[in-house]
Amino acid sequence: MKPDLKIKNKVFDFRNPTVLPSGFYGEKFEEMQEIYNYGAGAVTLKSIGPREKKGHPHPIIAKTEHGFLNAVGLPSPGYKNMEELWQKMSKRKFPLIASIYGTTINEFAEVAEFVASKKPEIIELNISCPNVEKFGMPFGCDSKIAAQITEKVKNVSGKIPVMPKLTPQANDIAGIAKACEEAGADALTAINSVGPGMKLDLKTGKPLLSFKKGGYTGAAIKPIAVRCIYDVFDATEIPILGVGGVSNGKDAVELMMAGASAVGVGSVTYTRGKQCFSEITKEIEDWMIQNNVKKLDEIIGKAHK
Ligand SMILES: Cc1cc2nc3c(=O)[nH]c(=O)nc-3n(C[C@H](O)[C@H](O)[C@H](O)COP(=O)(O)O)c2cc1C
């Protein structure tokens, strides 16, 4: 009998555990549908902000030896200017995670209230972006603020599950995770980009990114993601979307053993192409067959048993 790749818990109901994380392939319905057609179990929209915001000037992404640096700067049309997207999304046949951000606690609630009315499967709270000034990552490093944002969003999001996205830069990611859970979070995403890091152009001696510093993603960050997921799983009882450094099916299995119920497939799409969603799902399936694993529940959190 073929292994069962479905993920079903209180929050996730996906045909397989691969998820497009926020920030890849834009915010159009067609782009999200395409990624689902390529085999993703669920897709996440680029983080939606309170007002129209331009991103940083190019270059916004730089390839490094073992990953990528990015400083996109959270560009957004603003939640009020996305009517066409929501109209098309209302007829979607795939699970949608809507990532949102605010520059203040109240703005998170403002965006969440509107987005909840559009009925995504999950609202993800980006309290962890390393590439903006003043807001973003600092919210995710402070357990009181992270909890306040979660609580305020829960108050306005009705039945839509809320999933704060954690930063590996927090001194105590387990403490932040616990504070979010106690404030009502239904699930958690771990992790956002690491850093920031820098890359210099040796010809000019200057930083390659226009914003100078950028979040680090891709294969190199996997051990940090595994450690963060492990710590968050230990500290909480809610499902985890594990994100960071997955390049193949075995990486996905490793994040699940650390405690993830579903797994982000982000930067690797730049190198393997969009078809890697179905390929990685097949690699997970092959690994399960070889190791006589029939259901993903058998491996989720195995590192703790
Ligand atoms: C170009 C780029 C843009 C991103 N934009 C967002 C974003 O808007 N919101 C967010 O929460 N994370 C964003 N991220 C972080 C990813 O969702 C993810 O957490 C990170 O890339 C680690 O996963 P990976 O190693 O599989 O790429 C972005 C990452 C990249 C590379």
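Above: the structure in question.
I will try to describe carefully the structure that is included in this document. (Residues numbered from 1 in each chain as written. Predicted model: local features only at pLDDT ≥ 70, side-chain atom pairs only at ≥ 80, totals over all residues.)

**Considerations on the site of the ligand**
Okay, so step 1: Close to the ligand lie 26 residues; Pro21, Gly23, Thr217, Gly266 and Ser267 are nearest.
Okay, so step 2: A class-by-class count of the residues in the shell around the ligand yields nine nonpolar, 15 polar and two charged. (Near = placed C-beta within 6 Å. Nonpolar A, V, L, I, M, F, W, Y, C, P; charged D, E, K, R; others polar.)

**A closer look at the nonpolar core**
Okay, so step 1: Residues Ile123 and Ile229 are the most contacted members of the largest nonpolar core, which totals 92 residues.
Okay, so step 2: When residues in this core are grouped by element, the largest group, seven residues, is from helix α7 (residues 222-235).
Okay, so step 3: Apart from the residues within four sequence positions on either side, isoleucine 123 is in contact with Ala98, Ile100, Ala112, Val115, Ala116, Val153, Ser157, Ile160, Val162 and Met163. (Core = buried A, V, L, I, M, F, W, Y, C linked by C-beta atoms within 7 Å. Buried ≥ 20, exposed ≤ 12 C-beta atoms within 10 Å, placed from the backbone. Helix = DSSP H or I, 4+ residues; strand = E, 2+ residues; numbered from the N terminus. Contact = placed C-beta atoms within 7 Å.)

**Quick word on the pairing of strand β8 (residues 122-126)**
Okay, so step 1: Here β8 lies mainly inside the structure; five of its five residues are buried.
Okay, so step 2: Every second residue of β8 is oriented toward a common face, with Ile122, Glu124 and Asn126 on one face and Ile123 and Leu125 on the other, all of them buried.
Okay, so step 3: The β-α-β motif built from strand β7 (residues 96-100), the intervening helix α3 (residues 105-116) and the parallel element β8 has right-handed crossover chirality.
Okay, so step 4: With four bridges joining them, β8 and strand β9 (residues 162-166) adopt parallel strand pairing. From the neighbouring strand, glutamate 124 faces β9, where its bridge partner is methionine 163. (Right-handed = clockwise from strand over helix to strand, strands pointing away. Pairing = 2+ DSSP bridges.)

**Regarding the sheet that holds strand β14 (residues 213-217)**
Okay, so step 1: The four strands are arranged β5-β6-β14-β11 in an open sheet whose pairing can be described as antiparallel. This sheet does not close on itself; its edge strands, each paired only once, are β5 (61-63) and β11 (194-198). Adjacent strand axes in the sheet meet at a mean angle of 35°, parallel and antiparallel pairs treated alike.
Okay, so step 2: Note that strand β6 (residues 68-70) and β14 share three bridges and pair antiparallel. Across the sheet, phenylalanine 68 pairs through a bridge with threonine 217, a residue of β14. (Axes fitted to C-alpha atoms, helices over the stretch in contact; angles between N-to-C directions.)

**Describing unusual backbone geometry**
Okay, so step 1: In this chain, histidine 58 is followed by proline 59 through a cis amide linkage whose omega measures 0°.
Okay, so step 2: By the secondary structure assignment, proline 59 is in the loop between β4 (42-44) and β5.
Okay, so step 3: Cis geometry marks the peptide bond from glycine 195 to proline 196, where omega comes out at 15°.
Okay, so step 4: With respect to the secondary-structure elements, proline 196 resides in strand β11.
Okay, so step 5: If you check the backbone angles, leucine 74 has positive phi at about 50° while not being a glycine.
Okay, so step 6: Leucine 74 gets classed as buried once you count the C-beta atoms within 10 Å, which come to 22.

**What about the packing of helix α6 (residues 173-182) against α7?**
Okay, so step 1: Put simply, α6 and α7 touch, their axes get as near as 8 Å, and they point 45° apart. Here α6 is positioned oblique relative to α7, judged by the angle of their axes. Read as a crossing pair, α6 and α7 show a hand that is right-handed. The segment α6 lies against α7, with Ile173, Ala174, Ala177 and Lys178 engaging Cys228, Asp231, Val232, Asp234 and Ala235.
Okay, so step 2: Of the residues belonging to the contact of α6 with α7, the class tally is six nonpolar, no polar and three charged. (Parallel < 35°, antiparallel > 145°, perpendicular 65-115°, else oblique. Left-handed = near helix turned anticlockwise from the far one by under 90°.)

**Let's talk about α6**
Okay, so step 1: Summarising burial for α6: seven of the 10 residues are buried, a large majority.
Okay, so step 2: Inspection of α6 places Ile173, Ile176, Ala177, Lys178, Ala179, Cys180 and Glu181 among the buried residues, and these make up the whole buried set.
Okay, so step 3: Those residues of α6 hidden inside the fold are in contact with α4 (137-140), α5 (143-156), β9, β10 (188-190) and α7.
Okay, so step 4: Downstream of α6 by one or two residues, glycine 184 has phi in the positive range, about 115°.

**Observations concerning the sheet that holds strand β15 (residues 240-242)**
Okay, so step 1: Judged by pairing direction, the barrel is parallel, and its eight strands sit side by side in the order β3-β4-β7-β8-β9-β10-β15-β16 before closing back on the first. The average angle at which neighbouring strand axes cross in this sheet is 30°, direction not considered.
Okay, so step 2: The sheet contacts of α5 involve β8 and β9, and relative to β9 the element is tilted by about 160°.

**Some remarks on helix α10 (residues 276-290)**
Owing to its 3.6 residues per turn, the α-helix aligns residues three or four sequence positions apart on the same side.
Okay, so step 1: Taking 1.5 Å of rise per residue, the 15 residues of α10 would be expected to cover 21 Å, and the 20 Å separating its terminal C-alpha atoms lies within 8% of that figure.
Okay, so step 2: Among all positions in α10, only Cys276, Phe277, Ile280, Thr281, Ile284 and Met288 are buried. One side of α10 carries all its buried residues, which in axial view fall inside an arc of 140°.
Okay, so step 3: Tucked into the core, α10 has its buried residues touching β3 (18-20), α1 (29-37), α8 (249-258) and α9 (268-272).
Okay, so step 4: Of the residues flanking the end of α10, it is asparagine 292, one or two places downstream, whose phi is positive at about 55°. (Expected span 1.5 Å × (residues − 1). Arc of directions from axis to C-beta.)

**Observations regarding the environment of valine 232**
Okay, so step 1: In this fold, valine 232 is placed in helix α7.
Okay, so step 2: Separated by 136 residues in the primary sequence, valine 232 and leucine 96 have C-alpha atoms spaced 23 Å apart.

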